[in-house]
Amino acid sequence: MSKIALCGNPNSGKTSIFNALTGTRQHVGNWPGVTVEKKEGHYTYNQEKIKVVDLPGTYCLTANSIDERIARNFIVEEMPDTTIVIIDQTNIERNLYLVTEILEMRKNVILVFNMSDEAEKLGIKIDYNGLKKEFGVPIIKTIATKKEGLNELKSEIKRMEKNIKKPNKIEYSQKFEIFVQKIENELLNAGVKKGDLRWKTLKLIEGDIEIRENINSGTLTKIDLIISELQRAFKNDPGIVVSEERYKYIAKIVKKYVKRPKETIRLSD
Ligand code: BGO
């Protein structure tokens, strides 16, 4: 049975998509060792049973909160066959932050652009084909509350099963990439899997304790020196540098692929 994970920001429509996919075929329990609700369900498509796991809603995948840790550990340890990120199109900048993290972590990612009705009402126009090429992953437009786009989503999940695809690389500023490259080299020498190099590097720059715990002390010492160099070069806290690099990338692609009337651009973004 193939397994898919649903992730997304709180209020992106994740529960609505989960309900629309699984209907009454749901089971609610708790994640092991914590009192966070775990929802699982399944649906059948072309006689094949697909398991759906609803991850806690998060804005990012640092290990700062239980919800973030659950979502991240599931994605990297349980390795779902397909990872689906639900995006509220009316709040695209903030939603794309999580997208950049997941694209760096997993193969076989599908982006679900939900709230299409609300986006249309606000006059937001998105070049989905452009974004699809930019990220190198499928994009499905949905209105979860009306179950619109759900069949397309199911058929894309099915198509993906046979066609494992790595998303395109997200390129940050050249100045930042130099440090990323140096840390990636250290991790590679320490035996970290190629597919994990980039996201683990970014997490190490953010000071992620869980990732640090699994790196040998000799490598960590070298990496810490590189991070100190980065801190001096950017004159800023390394964790802030990572989020600024992500937001700069997001601003660039939003400018290129999203058109909206000025008044809908949220100051909080
Ligand atoms: C309420 N379009 C529209 N218009 N609304 C949507 C869509 C969509 O495509 N998808 C979801 N919603 P969740 P998380 C609500 O509950 O699935 C709505 O947190 C209300 N509730 O119906 O819960 C959805 O799981 C009273 O709205 O998201 C829900 O990710 C008044 O977006 C909300 C208005 O969806 C969040 C809305 C008592």
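Residues numbered from 1 in each chain as written. Predicted model: local features only at pLDDT ≥ 70, side-chain atom pairs only at ≥ 80, totals over all residues. Heavy atoms only, no water.

(A) Region of the structure containing the overall build of the protein chain. The helix and strand inventory of the protein chain stands at 11 helices and nine strands. Rg of the C-alpha trace for the protein chain: 19 Å, near the compact-globule value of 18 Å for 269 residues, within the 12% margin. Each of the 269 residues in the protein chain was classed as buried or not, and the buried ones make up 52%. Long-range pairs, those at least 24 residues apart, make up 70% of the contacts in the protein chain between residues at least 6 apart in sequence. In the structure as shown, the protein chain presents an accessible area of about 13400 Å², 49% of it carried by carbon and sulfur atoms. Separation of charge centres in the protein chain, based on 46 positive and 38 negative side chains, amounts to 4 Å. (Helix = DSSP H or I, 4+ residues; strand = E, 2+ residues; numbered from the N terminus. Rg over C-alpha atoms; globule rule 2.2 N^0.38 Å. Buried < 20%, exposed > 50% of the residue type's maximum accessible area, 1.4 Å probe, protein only. Contact = heavy atoms within 4.5 Å. Areas by Shrake-Rupley, 256 points an atom, 1.4 Å probe, with all protein chains shown as cover. Lys, Arg positive; Asp, Glu negative; His and termini not counted. Charge placed at Lys NZ, Arg CZ, Asp CG, Glu CD.)

(B) Expanded view of the pairing of strand β2 (residues 26-30). The pairing of β2 with strand β3 (residues 37-45) spans five bridges and is antiparallel. Bridge pairing in β3 links Gln-26 to Gly-41. Linking β2 to β3, which pair antiparallel, is a turn of six residues; within it Gly-33 sits at a positive phi near 80°. (Pairing = 2+ DSSP bridges.)

(C) Representation of the nonpolar core. Within the largest apolar cluster, 61 residues are counted, with the highest numbers of intra-cluster contacts made by Leu-55, Leu-111, Phe-135 and Phe-176. With eight residues, the single largest contributor to this core is helix α3 (residues 92-105). When residues of this core are assigned to domains, at least three fall in each of domain 1 (2-161) and domain 2 (174-235). Setting aside anything within four residues of it in sequence, one finds Leu-55 in contact with Ala-5, Leu-6, Cys-7, Lys-14, Trp-31, Ala-71, Phe-74 and Ile-75. In this structure, Ile-17, Ala-20, Ile-84 and Ile-157 belong to the second largest nonpolar core, which totals 19 residues. (Core = buried A, V, L, I, M, F, W, Y, C linked by side-chain atoms within 4.5 Å. Domains from an automatic or database assignment.)

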